[in-house]
Amino acid sequence: MTPKDVLAMAKENDIKVVDIRYMDFIGTWQHFSVPVSELTEASFEDGFGFDGSSMRAWQNIDNSDMIVIPEAGTAKIDPFFKVPTMVVLGNIHDPITSEGYSRDPRGIAKRTEAYIKSTGIGDTIFVGPEPEFFIFSNIRYASDPHASFFEIDSPEAHWNTGDGSEPNLGYKIKPKHGYFPLPPADNYQDMRTEMMLTLQDLGIDMECQHHEVASAGQSEIDLRFDSLLNMGDKLAWFKYVLRNVAAKYGHCVTFMPKPLYGDNGTGMHTHMSFWKDGEPTFAGNKYAGMSDNALWAIGGIMKHCKALCAITNPTTNSYKRLVPGFEAPIKLAYSSRNRSAAIRLPMYSGSPKAKRLEFRTPDPSANGYMAFSAIAMAMLDGIQNKIDPGDPMDKNIYDLPVEELAAIPSAPGCLEEALDALKTDHDFLLKGDVFTKDVIEHWIEYKMENEVKPVISRPHPHEFYLYFDI
């Protein structure tokens, strides 16, 4: 759409308010609203001013003015606001130089797509994420100097078989038994369907929805693949829609990778492939019907995986998922069909158009724009340098003898380890000025000071269980 089309859309739908949205550095959608009279064709060039120093990890207070410039093609009608409201996504710019802001995640995604085209390796990168999440009926938590706890609940959780509700019908899901049960064990079919159809109504193509492996409402709704920037936009809408539909039902959604001890965590398996001139470049006559470019792309991910995890698995909680025993893809290997490897080559279809890699390590706490961009840059580096991924792993990694298992490299064991890896391995991200030194350094600094250190310096409730009477 052009700016003129957006204004016509607003008039046709009797829009009263325009909501300007953008992604902050850490990965949360932010917004402010203006009367529709404030949106003119000039707004799509001049933008709207705001205070960048009030945003996490952005500007200093002595250099705070920034502008967000709406992008006409992103306009959609909000499905939740009472007053008819049109949402337009924006890009962050410097008000003096008009240059794109280096720490704008959406800007990083735009630069990634431009760099891919400049290499000649492809003109499009398709991304298809599978974000998992939990639906809870109640959540309580606190982190104070003298007390800390969390408490979650779900009507289908296995721990409620003995609660005092009358009647207790006993349809609960055991740990690791949540894959595809029918109602009444699955409490959330209607809610997930409303989430999926609301996204469809917004023009976001969906593939399926279902319960996931864990008890207590773990679910998955899959988005149909799209180009990298578009998928970054869609993932932002996805999280927004899921949270608001759940709230209508008196529930909440979390994308925390490991909110529940002793059951499967929440991942975001991410399917990716390069295309050129409308044709897939990952189909060939190599292993699993893949091309040299596809295998080299795998080599790039495997080489840079530890550094990638600082962006694709960006929370301290991420690494409570990346542990053996819960289908977590922590071993840096690749295989067709084998879901215990970090990279899987799906074999559902023999069509060349279906050839892609599935990176299974990321989780949905990631900032989609930055995570998809970082993975794409690692894939490009693998192709540019013809990085050999080695032999595939076509057997269950967790059934291997201890000596053989130890020889396979692993994903980082904690966020600090991942940030240390990013500190020493980030040149591949700087190509084409996609990421900048400032972005990398500020990301590491923010995560260390605001997340890693506060978590490791606080007593943990389980430490009292272990050590109080020592």
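Conventions we followed
Residues numbered from 1 in each chain as written. Predicted model: local features only at pLDDT ≥ 70, side-chain atom pairs only at ≥ 80, totals over all residues. Heavy atoms only, no water. Phe/Tyr/Trp six-rings, centres within 6.5 Å; stacked < 30°, edge-to-face > 60°. Helix = DSSP H or I, 4+ residues; strand = E, 2+ residues; numbered from the N terminus. Buried < 20%, exposed > 50% of the residue type's maximum accessible area, 1.4 Å probe, protein only. Lys NZ or Arg CZ within 6 Å of the ring centre and 35° of its normal. Pairing = 2+ DSSP bridges. Expected span 1.5 Å × (residues − 1). Contact = heavy atoms within 4.5 Å. Polar contact = N/O pair within 3.5 Å; in protein donor to acceptor, adjacent residues only side chain to side chain. Core = buried A, V, L, I, M, F, W, Y, C linked by side-chain atoms within 4.5 Å. Patch = residues over 30% accessible without salt bridge, like charges linked within 9 Å, V, L, I, M, F, W, Y side chains within 5 Å. Areas by Shrake-Rupley, 256 points an atom, 1.4 Å probe, with all protein chains shown as cover. Salt bridge = Lys/Arg side-chain N within 4 Å of Asp/Glu carboxyl O. Axes fitted to C-alpha atoms, helices over the stretch in contact; angles between N-to-C directions. Left-handed = near helix turned anticlockwise from the far one by under 90°. Nonpolar A, V, L, I, M, F, W, Y, C, P; charged D, E, K, R; others polar.

(A) How the structure looks around the packing of aromatic side chains. Scanning all chains against the criterion turns up 19 aromatic pairs. On the numbers, 6.0 Å between centres and 55° between planes, the contact of Phe 133 with Phe 255 is tilted. Here the residue Phe 133 occupies a position in strand E7 (residues 124-136), and Phe 255 occupies one in the loop between strand E13 (252-254) and strand E14 (268-276), the gap between them amounting to 122 residues. A relative accessible area of 0% means that Phe 133 is categorised as buried. Of the residues examined, Phe 255 reaches a relative accessible area of 5% and is grouped as buried. Here the aromatic rings of Trp 237 and Tyr 240 are separated by 5.8 Å at their centres, their planes lie at 75°, and the arrangement is edge-to-face. With Trp 237 and Tyr 240 both in helix H5 (residues 228-248) and three residues apart, the pair spans about one turn of that helix. As far as burial versus exposure is concerned, Trp 237 and Tyr 240 are alike and both buried. Connected via pairs of aromatic rings, a cluster forms that spans Tyr 22, Phe 50, Trp 58 and Tyr 101. Just above the ring of Tyr 240 sits the side chain of Arg 21; from NZ or CZ to the centre is 4.3 Å. Sitting over the ring of Phe 255, Lys 239 keeps its end group 5.4 Å from the ring centre.

(B) Broad picture of unusual backbone geometry. Between Glu 166 and the following residue, Pro 167, the backbone shows a cis peptide bond with an omega angle of -5°. Tracing the backbone through its elements, the reader meets Pro 167 in the loop between strand E9 (148-153) and helix H4 (189-201). In this structure, Ser 98 takes a positive phi of about 70° despite not being glycine. Mapped onto the fold, Ser 98 is located in the loop between strand E6 (85-93) and helix H3 (105-119). The backbone of Lys 386 sits at a positive phi, close to 45°, despite the residue not being glycine. Turning to its location among the elements, Lys 386 is positioned in the loop between helix H8 (368-384) and helix H9 (402-406).

(C) Region of interest: the pairing of E7. Within E7, 11 of the 13 residues are buried, which leaves it mostly tucked inside the rest of the structure. In terms of strand pairing, E7 meets E14 through eight bridges, oriented antiparallel. Bridging from a neighbouring strand, Ile 125 pairs with Phe 274 of E14. In this sheet, strand E12 (residues 226-227) lies alongside E7 in antiparallel orientation, the contact comprising two bridges. Counterpart to Val 127 in the pairing with E12 is Asp 226. For E7 and strand E11 (residues 218-223), the ladder comprises three bridges, and the chain directions are antiparallel. Bridge assignment links Phe 134 to a residue of E11, and that residue is Gln 218.

(D) Region of interest: H3. Between its first and last C-alpha, H3 extends 21 Å over 15 residues, near the 21 Å set by a 1.5 Å rise per residue. Taken together, the buried positions of H3 are Pro 105, Arg 106, Gly 107, Ile 108, Ala 109, Thr 112, Tyr 115 and Ile 116. One or two residues past the end of H3 sits Gly 120, with phi positive at roughly 80°.

(E) Molecular detail of the environment of Glu 417. Along the chain, Glu 417 turns up in helix H10 (residues 415-424). With a relative accessible area of 34%, Glu 417 lands in the partly exposed category. Residues Glu 417 and Ala 310 lie 107 residues apart in sequence; the distance between their C-alpha atoms is 8.4 Å. Sequence-distant contacts of Glu 417, that is, excluding residues within four places in its chain, are made with Lys 306 and Pro 412. A distance of 2.9 Å separates a polar atom in the side chain of Glu 417 from the backbone nitrogen of Gly 413.

(F) The nonpolar core, seen in detail. Membership of the largest hydrophobic core comes to 120 residues, with the highest contact counts inside it found for Met 86, Met 195, Phe 238, Ile 343, Leu 357, Met 379 and Phe 435. In this view, Phe 435 contacts Ile 108, Ile 311, Met 370, Ser 373, Ala 374, Leu 429, Leu 430 and Ile 440; residues no more than four positions away in its chain are not counted. If you look at the next biggest cluster of nonpolar residues, it comprises seven residues, including Phe 136, Ile 152, Ala 216 and Leu 260.

(G) Looking closely at the environment of Cys 414. Within the secondary structure, Cys 414 is located in the loop between H9 and H10. Between the alpha carbons of Cys 414 and Thr 315 there is a distance of 8.8 Å; along the sequence they are 99 residues apart.

(H) Examining the side chain of Asn 160 more closely. Take Asn 160: it is sitting in the loop between E9 and H4. A distance of 2.8 Å separates a polar atom in the side chain of Asn 160 from a polar atom in the side chain of Asp 153. Among residues more than four places away in sequence, those in contact with Asn 160 are Asp 153, Ser 154, Pro 155, Asn 168 and Lys 172.

(I) Structural view of a nonpolar patch on the surface. Together, Tyr 465, Leu 466, Tyr 467 and Ile 470 make up an exposed nonpolar region whose accessible area comes to about 540 Å². Mapped onto the secondary structure, Tyr 465 falls in helix H13 (residues 461-467).

(J) Geometry of the packing of helix H6 (residues 292-312) against H10. Two elements in contact, H6 and H10, have axes whose closest approach is 7 Å; the angle formed by their N-to-C orientations is 115°. H6 and H10 meet at a crossing whose hand is left-handed. Contacts from Lys 306, Ala 307, Cys 309, Ala 310 and Ile 311 of H6 reach H10 at Glu 417, Ala 418, Leu 419, Ala 421 and Leu 422. Taken together, the residues of the contact of H6 with H10 sort by class into eight nonpolar, no polar and two charged.

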